[in-house]
Amino acid sequence: MSVDLTQWFARRTARMTSWTTFSEDPDLISLAGGLPDTSLFGADNHAALLTAMAHRQSALALQYTPTRGMKALRECILEVMAAEATPVDPHRVIVTTGGQQALDLLCRVFLDPGDVVVTEAPTYPGMLLPLAAHEADVVQIATDDHGMRMDALETALEELRAAGRPVKFIYCVPTFQNPSGKTLSLERRHRLLEIARTFDLPVIEDNPYALLRFEGDPLPTLLSLDEDGRVLYVGTFSKILAPGLRVGWLVAPESVLDKVDLGKQCADLCTASASQLFIAEFFERGDWRAYVDAQVALYRDRRDAMLALLPETLPAGSTWTRPNGGLFVWVDLPEGMDSDLLYEYALRRSVSIVPGRVGFARPKPVHHDFRLNFSACDEGRIATGLERMALAIRDIEHQGA
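Structure report, in brief.

Further remarks concern the packing of aromatic side chains. Following the criterion strictly, the structure yields 11 aromatic pairs and no others. When the ring of Phe 110 is compared with that of Phe 169, the centres are 6.1 Å apart and the planes differ by 80°; the resulting orientation is edge-to-face. Of this pair, Phe 110 sits in helix H3 (residues 98–110) while Phe 169 sits in strand S6 (residues 167–172), and the two are 59 residues apart along the sequence. Summarising the burial analysis for this pair, Phe 110 and Phe 169 share the class buried. Three or more aromatic residues link up through ring pairs in this structure, and these residues are Phe 41, Phe 237, Trp 249, Phe 278, Phe 282, Phe 283, Trp 288 and Tyr 291. The ring of Trp 288 carries Arg 289 above its face, with NZ or CZ at 5.1 Å from the centroid. A cation sits over an aromatic face here: Arg 348 above Tyr 345, 4.3 Å from the ring centre.

Right, dumping it as structure tokens:
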């Protein structure tokens, strides 16, 4: 008889849940996970870079590196930030194991159990994981077509202050938001920083998708608009290069980086050396902007293919976003349709979606919304996946008839 080790789990583990939808089932068409199309990189290019790295820097690739990251990789990060019209001091950058680790480290540094964090509604499901693990009290702010509503944000902060519940930080994905695909308008970006200044709050800007813009003019990052050092910027190579490399970064004041550095030492000592050198090699030998441009062209076509098919896929009364970039479309079903039920029936038809509840810290009894991803499948698989989803919808309708 085995000992039940779960009796010694920390209380916080009861709040930890999974939302990931990755699968290796070849028959499943995933319109769920935020997967970029890594086939664009090409096997020959991949092999050439690995060979060059092995010949030039094999010993270093197999060695520990500084916790804050290799100089060569940090220079690549500065180049990406410059493309975002956001020049930064290299001493304010720490390399992390994906953007996800940066979010977890910020939660580790800032949060005590019961602390209040403000996010959009819905918010990035992956951020809800560390918030739950660190026992935060999440307050979510309604959004519209222009992103987080600033009137609702200001009202919520005033009510929290009046109730004696101090807020630790505001978290948002301002550009092509995950999961909704919405973008915070320029006016609201300025207003968000004004509100943060008024209430003296840090702002975490999670910005994985901004370079994946299909149309329209780029908007300034919150970090570039920040005048008093309260914006903490999280970036990643996962969406503009390859997620399997697991390399991201955080831009923050030195006082914050000192603590994040210690947290990262607790977690993994340093980000994988081989991944850092691989990216540096790619930036030196290749054209990373051309690679991103190729992604943008591909994803634009796939977005258009998905949007063209949604009217014949979804029931009457459904609405959806038309993102100007990024990876996601957010769908609202008509009253009476449960997206959790659609998720279950869609899986029976071998197609997956992300049900809307995973973007909410306090899900409602019934959610009518869900997320679709268009970057990971070609137009043919998108069409087949949506055909299967239409059949799943009909299955639900017949069940209720």
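We are not done yet, so read on.
For the rest of this paragraph, the subject is the nonpolar core. Of all hydrophobic cores here, the largest spans 116 residues; its most connected members are Leu 131, Leu 153, Phe 169, Phe 237, Leu 250, Leu 372 and Met 389. The element contributing the most residues to this core is helix H10 (residues 288–313), with 8 residues. Once residues lying within four places of it in the same chain are set aside, the contact partners of Leu 153 are Val 118, Ile 141, Met 148, Ile 170, Leu 192 and Ile 195.

What counts and what doesn't
- Residues numbered from 1 in each chain as written.
- Predicted model: local features only at pLDDT ≥ 70, side-chain atom pairs only at ≥ 80, totals over all residues.
- Heavy atoms only, no water.
- Phe/Tyr/Trp six-rings, centres within 6.5 Å; stacked < 30°, edge-to-face > 60°.
- Helix = DSSP H or I, 4+ residues; strand = E, 2+ residues; numbered from the N terminus.
- Buried < 20%, exposed > 50% of the residue type's maximum accessible area, 1.4 Å probe, protein only.
- Lys NZ or Arg CZ within 6 Å of the ring centre and 35° of its normal.
- Core = buried A, V, L, I, M, F, W, Y, C linked by side-chain atoms within 4.5 Å.
- Contact = heavy atoms within 4.5 Å.

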